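Here are the chains, one letter per residue:
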Amino acid sequence: QLVLKLSGGTELAPAALRLAARAPQLEHCVLREEVSAKHKLDKGTRTAAARRKYKLEALLRGSGVEAHIAQRAACLVAKDVSVGDPDQQVLEDAICLTFLAQELAKFENGKDDATVVDACAKTWKQMSRAAHTLAIGLEYSPRCLGCLVEAITSVEGLGATNEPVVSPRLPANAVELLRSTWQ
C-alpha cells in the first residue's frame, strides 16, 4: 500500500515495482522450501543476494510474468539498479515507512535511547522528502517520537550549537533611519 501511495496510485506504479514490493510475501510463501539441485550446486559460487534474485526472477517468469518485468522486479529487490533509480527509492521509502509504522515500537523495547535514535537516523537518511512527509504523520509512542525528533534534528543539521549567535551591527546612519521611521 505504501508503494502505491508513494508512486501516486495503482495505475501509476510500474508492474515491476508492485511485484518487487510483494517479493517478501512471495519468498515467504513459495521460495523458502524451493531449492532446486541447480541452486544447491551454485550455492558456493553465488552470493545469497544473487541466489535470491535468481530464484525470484525464475518464480515470476514461471508464473507468466513478462521476462523484462520479472528481471526488473528481481533487480529492484536485490538493489541491483543504478543509483538514484526512482522505483528503487519508492521501494526503499516503503520499507523505511513500514519500519517506522509497524516495527519501531517493538525495536525500542530493551534498547537505550541512543540505539533507537541511531536506527531512526539511519532510516531517515534513506528516505525521500515525500516519505519524510508521510513519516511525520504516523503515530508514535512518546519515547519513539522523542527519539525520531532527535534523529531528525541530527540528520538535518537542526541541532543546537554551542557557538553564540552574533547579532549583526548596522551602520549608524541605518540605525538613525530606522529610529526615525518607528516614531
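Residues numbered from 1 in each chain as written. Predicted model: local features only at pLDDT ≥ 70, side-chain atom pairs only at ≥ 80, totals over all residues. Heavy atoms only, no water.

Asks: How should I be thinking about the overall build of the protein chain in this particular structure?
Replies: Per the secondary structure count, the protein chain includes 10 helices and zero strands. In the protein chain, the succession of α and β elements from N to C terminus is α-α-α-α-α-α-α-α-α-α. The buried share of the protein chain, taken over its 183 residues, is 32%. Total accessible area on the protein chain is roughly 12,200 Å²; 56% of this is exposed by carbon and sulfur atoms. (Helix = DSSP H or I, 4+ residues; strand = E, 2+ residues; numbered from the N terminus. Buried < 20%, exposed > 50% of the residue type's maximum accessible area, 1.4 Å probe, protein only. Areas by Shrake-Rupley, 256 points an atom, 1.4 Å probe, with all protein chains shown as cover.)

Asks: Whenever I open this one, the nonpolar core confuses me. Can you help?
Replies: In summary, soluble globular proteins display a tendency toward joint burial of nonpolar side chains. In this structure, Leu100, Leu104, Met127, Ala135, Tyr140 and Leu148 are the most contacted members of the largest nonpolar core, which totals 19 residues. Those elements that provide at least two residues to this core are helix 6 (86-108), helix 7 (113-126), helix 8 (129-136) and helix 9 (142-155). With residues near it in sequence (within four places) discarded, Leu100 still touches Thr123, Met127, Ala135, Leu138, Tyr140 and Leu148. Of all hydrophobic cores here, the second largest spans 10 residues; its members include Ala16, Ile69, Ala73 and Val77. (Core = buried A, V, L, I, M, F, W, Y, C linked by side-chain atoms within 4.5 Å. Contact = heavy atoms within 4.5 Å.)

Asks: What's the story with the packing of aromatic side chains in this structure? I'm lost.
Replies: Note on aromatic pairs: each is described by the distance of the centres and the angle between the planes. Per the stated rule, a full pass over the model turns up one aromatic pair. Centre to centre, the rings of Phe99 and Phe107 are 5.9 Å apart; their planes meet at 70 degrees, and the pair counts as edge-to-face. The ring centre of Phe107 lies 4.5 Å from the NZ or CZ of Lys111, which sits over that ring. (Phe/Tyr/Trp six-rings, centres within 6.5 Å; stacked < 30°, edge-to-face > 60°. Lys NZ or Arg CZ within 6 Å of the ring centre and 35° of its normal.)

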